[in-house]
Structure formats: structure tokens, C-alpha cells
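Chain residues, written in single-letter form:
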Amino acid sequence: MQQNDKTVLFESAPIPSAVAKLSVPMIFSSLVMVLYNMADTYFVGMLGNPVENAAVSLAAPILLAFNAVNNLFGVGTSSMMSRALGRKDYDTVSRSSAFGFYCSLICGLIFGALCALLHSPLLTLIGADTTTRAATEGYMFWTVYLGAAPAILNVVMAYLVRSEGSALHASIGTMSGCFLNIILDPIFILPWGLDMGAAGAGLATCLSNCVACLYFFVLLYIRRGNTFVCIDPRKFCFRKKIIREICGVGIPASIQNLLNVTGMTILNNFTSSYGADAVAAMGIAYKIYMVPMQVSLGFSQGIMPLVSYTFASGNRKRMKSAILFALKIIVPILLAVTVIYYIGAGGLITLFMDNSSVIAYGTRFLRGFCLGLTFLSVDFLSVGVFQALGFGKYALAFAIMRKIVLEIPALFILNFLFPLYGLAYAQCTAEIVLSICAVFILRHIFRKYGDTVTVKQG
């Protein structure tokens, strides 16, 4: 094992250096899912057909649902692995990684199969009508029915690799699929290629995810005996301790994403009543908004191994320094992005579709979305800390507050008060409240735990 390098990163490397080495690759990895969809949206938009673009937008909640499985077995397992590394409990590290790998594979296969069997009511649920139904199903055939397993598995494997400090390899794996997707998209989508439209975008995404998975399999084979990540089926077991700790962090993270899917489905259903142009505009605006959102998410997830390790090893001072340093970096960045997005909203929408109606809708949508970015960065970082420390109850409370208590009711109220355009301000409303709560809970955590943290071994 190259344990000395990993120990230096977690225990003694300067905080800015450690945070950068863990977070920067994670930011790029987090952007992969957005870039997949952004590439799909961009090249489908070149067809100049709002129906094809609406198909990609309508399928977004189902693709977002992948994150429920990703977070259950990715976030949950990586948190447990990093904390076990901090305790020097290497057997638990290998067994928990095997558990996360095989459970994510099985769930991905089941997810795709269920969506295929229930495709008709599912298409109705996500807002597809007679105009957009065929294009939406063509896209989902490749990305969901056949593509769920590789899409989920490559993200979970990136989490497992990252948990022991190999953030760069995790990023390379996911980014390899992203670059391939960008290359394949125009070939499969546009008239000069295979002319498959939205279905071609789905096929490109499916193949790209398969390549990303292949990278991780090759990496683990090459590094066998020199990594704690284990996919040996003999290590796969249902130990109570492993299931309890992974699910304790993973289930709240999974519920959070399922609630995100619910919120996006409601958003799409409200928007679909205004026509394909409004749906396409909402989809484009949301994908542009997701770029800085994923940067914030990647940053918060990137420091998780460092926070988990320092917490489990008892180095509370280093843990606190890492969290505060992360806040000082991400908040000003997101504030600057907010200003840029608000001023340049129209130009950003035009990059994806040169349609006056779509641009008019999308400009107002994007300006509403971007106002919550700074508050969202505080919220995401706090939830990442809760997951890293194994405090699933805090993460679950935030998930319920974000969607059920705040955002979903805001969608109904704001759409009633300000038809269509009020929808874009629901997230901002929720994030302002959550960021305030996050500050108080972080202060509570800092005060509750002394300089040395005692970790239970059971």
C-alpha cells in the first residue's frame, strides 16, 4: 500500500493543499453529469426543434434519480471507508467497498428494468404529452432503460476510489466518459451523422458511461494489492455494522435526491402547461444553473474524506480548519457567478438555442435560479460535513426542510402569485432559510466536540 502518501494528505499536508487535491478533481467529476446533459442539450438544440430539446429536459428528473442510488452507496460507503481509514480498520474499509459496489450494480440493473416495464405511466408522470412522448422515450431508452446500471456504477466507483485520497483517478475516470460523450453526440444526433435526434444523445451517453466504468475496472486491476478499494465478491457480505453505517449516511443522502426528483417533476409539470418552448427554456436554464451548483456540490463532497478521516482520528482542529477554509473559498466564487449569470442570462440561453421565445423565457428563469447560488454553497458544504461525520439525521432534516417544507410549497405559492416565472424563485427561497440553519448547526458541531474526538468502534 502507498499508505504513507495517503496519510500525509489526510494528516499533515497544508490545509489549502489537501483541500485542493481532494476537491478540484471532485469538482470536475461532479460537472461530468452536467456536461453530459449540457452536451446533449447543446447538440439537440442545433436541430432547432423545441420538441427534441424538451425531451431531454423532461427526462432530467429520471436521470437525477440515479443520484439517489449514487448517494446511498457512493456517499454512504465513501464516508464509512474514510472514517474506517482514520481508525486504521482496514478490513472494514475493504468489506464496505465491496458492499457498496455490488449493491449499486444490482440496484442499477433493477432501476433500468423497472423504468422499462413501467415506461407508459412514467412518461406521463414526468410531463411528456402526445407531442413530446416519442422523443422522450427514445432518449430514455438508452440513458435509463439500458444505461442506468453503467451510469450509477461509474459514479459510485469514483466515490470509492476518492475515499482513500485518489481524487485525481476518480476524476479521470468520470471525465473520460464525458469527453467521449461530447465526441459522439454530434455524430449520433445531427443530420450529417446518424440523425437520431434525442435518441442519439441517449445512445452517446450510455456508451460513454460504459467506457467510464471500464476505466475504473482497469485501474483497480492495475492497482490490485495497492488499494483499499475492493470489488472481490468474497468480501461482499451483509454485516450489521456495515449496513447500519452506510445506510445511516446514505439513506438521508438518497432521500434528499429523491425529493430533488419530486421537486423537478413538479416544476416540469407546471412548466409543460405553457408549451414546448417554456419546457425547453426551463430545461436549458436549469442545466446552466447546474454548472455552478455542481461546482459547489463537488467542493463539498471533495473535502468529505479529509473531514471524515480527521474526525475519526481525533484531529478536531484540522477538521475545523478544513471546513472554514472551504467556506472562505466557495462563497465568494458563487457570489461572483451569481452576478455574471444575472447580467449575461440572455446570452447564455442563446448559446443553446437561438429561438426568441425560448430566450425570453430562459432569461427570466435563469435570473431567478442564480439568486440562490451563494446560499446554496453554504447549504451544500454543511450537508457534506454532516455526511462526512456520519450525522445522517442532520442531512435528512435538511433534505426534508429543503423540499417538503420549503421548496415544493414555494413552487405552488409562487406559481399562483406569479404564473410560470415565479417557479424559478422557489429554490432561492429555500436556500436562504437553509443556509441560516446551516451556520447555526456548524457552530453547534464545533462547540460540541473537543480537541480530541472519541469514536465508538462498534
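All values reported here derive from a predicted model rather than from experimental measurement.

Rules and cut-offs
Per chain, residues are indexed from 1 in the order of the written sequence. Residue-level local features of this predicted model are given only where pLDDT is at least 70; pairs of side-chain atoms are given and counted only at 80 or more, and the full residue set underlies all totals for whole chains, interfaces and linings. To get the side-chain values, all heavy atoms of the structure are used, and hydrogens and water are removed first. Numbering of helices and strands runs from the N terminus; a helix is a DSSP stretch of H or I covering at least four residues, while a strand is a stretch of E covering at least two. C-alpha atoms define the radius of gyration, and 2.2 Å times the number of residues to the power 0.38 defines the globule rule. Buried residues are those whose accessible area, probed at 1.4 Å on protein chains only, stays under 20% of the maximum for their type, while exposed residues exceed 50% and partly exposed ones sit between those limits. Residues count as neighbours in contact if any of their non-hydrogen atoms are within 4.5 Å of one another. Accessible surface is estimated by sampling points in the Shrake-Rupley manner with a 1.4 Å probe; for residues, cover comes only from the protein chains shown. For the charge count, each Lys or Arg is scored as positive and each Asp or Glu as negative, with His and the chain ends excluded. The atoms used to mark charge sites are NZ of Lys, CZ of Arg, CG of Asp and CD of Glu. Helix axes use the C-alpha atoms of the stretch in contact, all axes being lines fitted to C-alpha atoms, and the angles between their N-to-C directions lie in the range 0 to 180 degrees. The labels follow the angle: roughly parallel below 35 degrees, roughly antiparallel above 145, roughly perpendicular from 65 to 115, and oblique for the rest. Crossings are classed by handedness, with left-handed meaning an anticlockwise turn of the near helix from the far one by less than a right angle and right-handed meaning a clockwise turn. Amino acids outside the nonpolar list (Ala, Val, Leu, Ile, Met, Phe, Trp, Tyr, Cys, Pro) and the charged list (Asp, Glu, Lys, Arg) are all regarded as polar, and Gly is one of them. One speaks of a salt bridge when a side-chain nitrogen belonging to Lys or Arg is within 4 Å of a carboxyl oxygen belonging to Asp or Glu. In this description, a nonpolar core means a group of buried Ala, Val, Leu, Ile, Met, Phe, Trp, Tyr and Cys residues linked to one another through side-chain atoms lying within 4.5 Å. By this rule the span expected of a helix is its residue count minus one, scaled by 1.5 Å. A residue's bend is simply the angle between two axes: one fitted to the seven residues ending at it, one to the seven starting at it. Pairs of N or O atoms are called polar contacts if they sit within 3.5 Å, as long as, within protein, a hydrogen donor faces a hydrogen acceptor (for residues adjacent in sequence, only side-chain-to-side-chain pairs). Like-charged residues are merged into a patch within 9 Å and nonpolar side chains (Val, Leu, Ile, Met, Phe, Trp, Tyr) within 5 Å, provided each residue has over 30% relative accessible area and no salt bridge. Two rings belonging to Phe, Tyr or Trp (six-membered ring only in the last case) form a pair when the distance between their centres is within 6.5 Å. Interplanar angles under 30 degrees mark stacking, angles over 60 mark edge-to-face geometry, and anything in between is tilted. Ring-over charges, as used throughout, are those where CZ of Arg or NZ of Lys falls within 6 Å of the ring centre and within 35 degrees of the ring normal. For every residue, the predictor assigns a confidence score, pLDDT, that lies between 0 and 100.

Enquirer: I would appreciate a short explanation of the overall build of the protein in the present structure.
Expert: When helices and strands are counted, the protein shows 18 helices and zero strands. Computed over its C-alpha atoms, the radius of gyration of the protein comes to 21 Å, within 12% of the 23 Å expected for a compact globule of 458 residues. Projected onto the principal axes, the alpha-carbon positions of the protein cover approximately 60 × 45 × 35 Å. Per-residue burial for the protein yields a buried fraction of 62% across its 458 residues. Sequence separation of at least 24 residues holds for 83% of the intrachain contacts in the protein that already meet a minimum separation of 6. As presented, the protein carries roughly 17,200 Å² of accessible surface, and 70% of it is formed by carbon and sulfur atoms. The average position of the 31 basic charges and that of the 19 acidic charges among the side chains of the protein differ by 15 Å.

Enquirer: Help me understand the packing of helix H4 (residues 90–117) against helix H7 (residues 148–163), please; the structure alone is not making it clear to me.
Expert: For any two helices packed against each other, one specifies the crossing angle of their axes together with the interaxial distance. Packing of H4 against H7 leaves a shortest axis separation of 8 Å and a crossing angle of 160°. Taken together, the axes of H4 and H7 lie roughly antiparallel to each other. Read as a crossing pair, H4 and H7 show a hand that is right-handed. Of H7, the residues touching H4 (which contributes Ser97, Gly100, Phe101, Ser104, Leu105, Gly108, Leu109, Phe111 and Gly112) are Ala148, Ala149, Ile152, Leu153, Val156, Met157 and Leu160. Each residue belonging to the contact of H4 with H7 can be placed in one class, and the counts come to eleven nonpolar, five polar and no charged.

Enquirer: In this structure, what is going on with the pattern of salt bridges? I would like to understand it.
Expert: Any two side chains of opposite charge can pair, so long as their charged atoms come close to each other. Tallied over the full model, the rule gives eight salt bridges. One salt bridge connects Asp91 with Lys235, and the closest N-O pair in it is separated by 3.7 Å. You can see Asp91 sitting in helix H4 and its partner Lys235 sitting in the loop between helix H9 (198–222) and helix H10 (240–272), a full 144 residues away along the chain. On the accessibility criterion, Lys235 (25% relative accessible area) is partly exposed. Beyond isolated ion pairs, a larger network of salt bridges with shared partners links Asp91, Arg95, Lys235 and Arg239.

Enquirer: I would appreciate a short explanation of the nonpolar core in the present structure.
Expert: The nonpolar side chains of soluble globular proteins are, as a tendency, buried together. Membership of the largest hydrophobic core comes to 148 residues, with the highest contact counts inside it found for Met140, Val144, Phe365, Phe369 and Phe386. Sorting elements by how many residues they give to this core places helix H3 (residues 50–86) first, with 19 residues. Leaving out residues up to four positions away in the same chain, Phe369 has contacts with Leu267, Met282, Ala285, Tyr286, Tyr289, Ala424 and Gln427.

Enquirer: Please explain helix H17 (residues 392–417) as it appears in this structure.
Expert: Each full turn of the α-helix corresponds to 3.6 residues, which orients residues three or four apart in the same direction. With 26 residues, H17 ought to run about 38 Å at 1.5 Å a step, and its terminal C-alpha atoms sit 36 Å apart, in line with that. Helix geometry: H17 is bent most strongly at Glu407, by close to 35°, with proline Pro409 lying one to four residues after it.

Enquirer: Please explain the environment of Val161 as it appears in this structure.
Expert: Relative to the helices and strands, Val161 resides in helix H7. Placed 68 residues apart in sequence, Val161 and Val229 show a C-alpha to C-alpha distance of 6.4 Å. Excluding residues that lie within four positions of it along the chain, Val161 makes contacts with Ser166, His169, Ala170, Phe216, Leu219 and Val229.

Enquirer: Got a minute to help me understand the side chain of Asn154 in this structure?
Expert: Within the secondary structure layout, Asn154 lies in helix H7. Of the polar contacts made by the side chain of Asn154, one reaches the side chain of Asn209; its length is 3.1 Å. Those residues in contact with Asn154 that lie beyond four places of it in its chain are Thr174, Asn209, Ala212, Cys213 and Phe216.

Enquirer: I would appreciate a short explanation of a nonpolar patch on the surface in the present structure.
Expert: Together, Ile106, Ile110, Leu114, Leu117 and Leu118 give the surface a local cluster of nonpolar side chains, amounting to about 500 Å² of exposed area. Turning to its location among the elements, Leu117 is positioned in helix H4.

Enquirer: Is there a simple way to explain the packing of aromatic side chains in this structure?
Expert: The way to describe two aromatic rings as a pair is by their centre distance and the angle between their planes. Here the structure, examined in full by the defined rule, presents 22 aromatic pairs. Clustering of aromatic rings is evident, with ring pairs tying together Phe73, Phe99, Phe101, Tyr102, Phe217, Phe236 and Phe238. Cation over ring: Arg364 sits above Tyr421, and NZ or CZ is 3.6 Å from the ring centre. Above the plane of the ring of Tyr342 lies Arg367, whose end atom (NZ or CZ) is 5.2 Å from the centre.

Enquirer: Would you mind showing me how to read the environment of Thr124 here?
Expert: Looking at the secondary structure, you find Thr124 in helix H5 (residues 119–125). The spacing of Thr124 and Asn269 is 145 residues in sequence and 9.6 Å in space, taken between C-alpha atoms. Excluding its chain neighbours within four sequence positions, the residues that come into contact with Thr124 are Arg133 and Asn269.

Enquirer: Got a minute to help me understand the side chain of Thr374 in this structure?
Expert: With respect to the secondary-structure elements, Thr374 resides in helix H16 (residues 373–389). Discounting residues that sit within four places of it in the chain, Thr374 has contacts with Val331, Leu334, Leu335 and Thr338.

Enquirer: Explain the confidence of the model for the protein to me, please; I cannot follow it from the model alone.
Expert: Averaged over all residues, the pLDDT of the protein equals 82, while 94% of them reach at least 70. Considering only residues more than four positions removed or in separate chains, one finds that residues 452–458, a stretch of pLDDT under 50, has twelve contacts.

Enquirer: What's the story with the packing of H3 against helix H6 (residues 133–145) in this structure? I'm lost.
Expert: Taken N-terminus to C-terminus, the directions of H3 and H6 make an angle of 35°; their axes are 8 Å apart at the nearest point. Crossing of H3 against H6: the hand is right-handed. Every residue of H6 that contacts H3 at Val51, Glu52, Ala55, Val56, Leu58, Ala59, Ile62, Leu63 and Phe66 is listed here: Ala135, Thr136, Tyr139, Met140, Thr143 and Val144. Broken down by class, the residue content of the contact of H3 with H6 amounts to twelve nonpolar, two polar and one charged.

Enquirer: Please explain the environment of Gly314 as it appears in this structure.
Expert: With respect to the helices and strands, Gly314 occurs in the loop between helix H12 (304–313) and helix H13 (316–343). A relative accessible area of 9% means that Gly314 is categorised as buried. Linking Gly314 and Val155, residues 159 residues apart in sequence, is a C-alpha distance of 29 Å.

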